[in-house]
Amino acid sequence: MRSLIFVIFTALINIPTFAQWYETQGHAIISSTNKHAKTKAIENALKKALLIAGASVSSVQQVINGLLTQDQLNVRATGSVNSIEIVDEMYNGDLITVTIRADIFPQERKCFAVNFKKSLLLTKSNIMHREQANVGKIYAIDKAIPSQLSKQLNKHSSYTTHTNIIHNKTQFSRLNNSLAYDEIAELSKALAQSSNSQYILFSEINDISFEKEATNSWKIWQQGIYPRNLTMNFYLYNGINGELVWQEEYQDSAPWEFTKRKTIDPFSTKFWQSEYGTMINTLLEKVVKHIDENIMCEPSRGNIIQLTGNQITFDLGRQHGVKIGDEFTILQRQNFTSNNGKNYTGFNTSPFKVKVTQLSQKTAVAKTSNNSLFGNIQVDDLVVRY
């Protein structure tokens, strides 16, 4: 409780006294591996409340029984939580839903782009040491993990809509190992253009080896159960300009419950319900959270795919959160080569603004507000919503 008092006292001193109440719901799955489902649901609800208020959250405070237990909220802006209270909690099968009210001091500049989903392309991962996959013959884990990440994005991501090419190998790892960053940028832009995606996610599986000591070594009548490691690196690239947006390494381990000679299908339910599969799922939930945090306040950009008179069609639609009446700015793409031969993508802000008049699931039609004809705007130029 002392920590809660500290938060309130600090907020009242340092921030103007015009807080606002936000009521949101959070959800979590109750399972044997998730013993703190209620806490997760509260954290989920608090994160939503902060985002509605306009804060860009980089980590949500730990919340237990409705009380803030840490004295600092780590956000990339000035939104602060004064207090929260639990309004309701409901249980439906293995799902818990918690409704909270949060008293939030909003930041001065809201994150308007949070209302739009960004398109993301998932690529096939790369096993850096394929011999480590021999036990269990889990070579297909380079496709199974991105496939499972796709499911986690569907469940937990609030700011992405995604597609995947997990059955096609890219040259990312070879280029990354060679420090060929310019080539990676070109690869990212090419994949983005071919898939109509704003972001590209690459990943590498660096370690799936076994630890040397069994977890049940004291039970001499049983076959040894050894922990298996997982170390993965994820790289998120902006497909518009090829820049690296975010990267992070994740490490964990869990007991490998299967015999060493048994072949395990990494796409199977048996694998994902095992302790090792559960550990990977927990790791992927963190990946989804970190992707959301890094792109949610970034501008939503779409490519112009058709242009006629004062009307354009671009590749953002209902599934991205676009609505009739939304206004977008047009950016003219400027590709240029520097004196040292490197290729860059730049943008000039056009004076034209367009308002959405028609929508489909994946595209939108927009017109200039004063019916003026476009000048030198071309197909493959961009629309942007900040």
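Predicted, not measured: the structure shown is a model, and the values here were computed from it.

Visitor: Which parts of the structure should I look at to understand the overall build of the protein?
Guide: Along the protein, the regular secondary structure elements total seven helices and 19 strands. Considering the protein as a whole, with its 386 residues, one finds that 49% of them fall into the buried category. Across the protein, every contact between residues at least 6 apart in sequence was considered, and the portion connecting residues at least 24 apart equals 68%. Summing over all exposed atoms, the protein offers an accessible surface of approximately 19600 Å²; the carbon and sulfur share of this is 47%.

Visitor: Just to check I follow, could you spell out the side chain of Asn-229 for this structure?
Guide: By the secondary structure assignment, Asn-229 is in strand β12 (residues 227–238). Those residues in contact with Asn-229, other than ones at most four positions away along the chain, are Asp-207, Ile-208, Ser-209, Phe-210, Glu-211, Asp-252, Ser-253 and Tyr-276.

Visitor: Can you walk me through the environment of Ser-31 in this structure?
Guide: Mapped onto the secondary structure, Ser-31 falls in the loop between β1 (20–29) and α2 (37–53). Through-space distance from the C-alpha of Ser-31 to that of Asp-94 is 7.0 Å; in sequence the pair is 63 residues apart.

Visitor: For this particular structure, what's the right way to read the environment of Tyr-159?
Guide: Checked against the element boundaries, Tyr-159 lands in the loop between α3 (141–156) and β10 (160–165). The class of Tyr-159 is buried, set by a relative accessible area of 6%.

Visitor: Help me out: how do you make sense of the pattern of salt bridges in this one?
Guide: Once the charged atoms of two side chains with opposite charge are near each other, the side chains can pair. Within this structure, the stated rule accounts for six salt bridges. Linking Lys-124 and Asp-142 is a salt bridge whose minimum nitrogen-to-oxygen distance equals 3.8 Å. Taken together, the residues span a long stretch of sequence, with Lys-124 in the loop between β8 (118–123) and β9 (126–127) and Asp-142 in helix α3 at a distance of 18 residues. By relative accessible area, Asp-142 is classed as buried at 6%. Note that Lys-289 is salt-bridged to Glu-293, the shortest N-O span being 2.8 Å. A residue pair is termed a helical-turn pair when its members lie 3 or 4 positions apart in one helix, as Lys-289 and Glu-293 do in helix α7 (residues 275–295) at four residues. Through salt bridges with shared partners, a single network forms among Lys-124, Asp-142 and Lys-143.

Visitor: Before we go on, may I ask you to explain the nonpolar core in this structure?
Guide: It is characteristic of soluble globular proteins that their nonpolar side chains tend to be buried jointly. Formed by 35 residues in total, the largest nonpolar core has its most connected members in Leu-230, Phe-234 and Ile-280. Here the element with the most residues in this core is α7; it accounts for nine residues. Residues within four places of Phe-234 in sequence aside, it is in contact with Leu-149, Leu-201, Phe-202, Ser-203, Trp-246, Gln-247, Glu-248, Tyr-250, Leu-283, Leu-284 and Val-287. In this structure, Ile-312, Val-354, Phe-374 and Val-383 belong to the second largest nonpolar core, which totals 16 residues.

Visitor: Hey, could you run me through the sheet that holds strand β17 (residues 343–359) in this one?
Guide: Neighbouring strands of a sheet are bound in pairs by backbone hydrogen bonds; such pairs are parallel or else antiparallel. Taken in spatial order, the six strands line up as β14-β15-β18-β17-β16-β19 and close into a barrel, and their pairing is antiparallel. Averaged over all pairs of adjacent strands, the angle between strand axes in this sheet comes to 45°, irrespective of strand direction.

Visitor: Sorry if this is basic, but what is going on with α7 here?
Guide: Each α-helix winds once per 3.6 residues, and so residues spaced three or four apart point in a common direction. Here α7 is 21 residues long and its end C-alpha atoms lie 31 Å apart, about the 30 Å a rise of 1.5 Å per residue gives. With 15 of 21 residues buried, α7 lies mostly within the body of the structure.

Visitor: Looking at this structure, how should I read the pairing of strand β18 (residues 364–368)?
Guide: Each regular strand displays side chains that alternate between the two surfaces of the sheet. Buried residues dominate β18, accounting for four of its five residues. Relative to β18, β17 is paired through five bridges, and the arrangement is antiparallel. By the bridge assignment for β18, Leu-359 is matched with Ala-364. Turn length for the β17-β18 hairpin, with the two strands adjacent in sequence and antiparallel, is four residues.

Visitor: Which parts of the structure should I look at to understand the packing of aromatic side chains?
Guide: Each pair of aromatic rings is reported with the distance of its centres and the angle of its planes. Across all of its chains, the model carries 14 aromatic pairs by this definition. A centroid spacing of 4.4 Å and a plane angle of 5° characterise the contact between Phe-172 and Phe-202, whose relative ring orientation is stacked. Pair noted here: Phe-172 is in helix α4 (residues 172–177) and Phe-202 is in strand β11 (residues 199–207), with a separation of 30 residues, a long-range link. Judged by its relative accessible area of 2%, Phe-172 is buried. For Phe-202, a relative accessible area of 1% gives the class buried. Here a set of aromatic residues connected by ring pairs shows up, and it is made of Phe-210, Trp-256, Phe-258, Phe-271, Trp-272 and Tyr-276. In this arrangement the basic side chain of Lys-260 is found over the ring face of Tyr-226, its NZ or CZ atom lying 4.8 Å from the centre.

Visitor: Could you clarify how one ought to interpret the pairing of strand β13 (residues 244–255) in this entry?
Guide: Judged from the 11 bridges that link them, β12 and β13 form a sheet pairing that is antiparallel. By the bridge assignment, Arg-228 is partnered in β13 with Ala-254. Hairpin geometry of β12 and β13 is characterised by an intervening segment of five residues between the two adjacent antiparallel strands and by a positive phi of about 80° at Gly-242.

Rules used in this analysis
- Residues numbered from 1 in each chain as written.
- Predicted model: local features only at pLDDT ≥ 70, side-chain atom pairs only at ≥ 80, totals over all residues.
- Heavy atoms only, no water.
- Helix = DSSP H or I, 4+ residues; strand = E, 2+ residues; numbered from the N terminus.
- Buried < 20%, exposed > 50% of the residue type's maximum accessible area, 1.4 Å probe, protein only.
- Contact = heavy atoms within 4.5 Å.
- Areas by Shrake-Rupley, 256 points an atom, 1.4 Å probe, with all protein chains shown as cover.
- Salt bridge = Lys/Arg side-chain N within 4 Å of Asp/Glu carboxyl O.
- Core = buried A, V, L, I, M, F, W, Y, C linked by side-chain atoms within 4.5 Å.
- Pairing = 2+ DSSP bridges.
- Axes fitted to C-alpha atoms, helices over the stretch in contact; angles between N-to-C directions.
- Expected span 1.5 Å × (residues − 1).
- Phe/Tyr/Trp six-rings, centres within 6.5 Å; stacked < 30°, edge-to-face > 60°.
- Lys NZ or Arg CZ within 6 Å of the ring centre and 35° of its normal.

Everything listed here is a matter of coordinates, which is why it stays silent on function.
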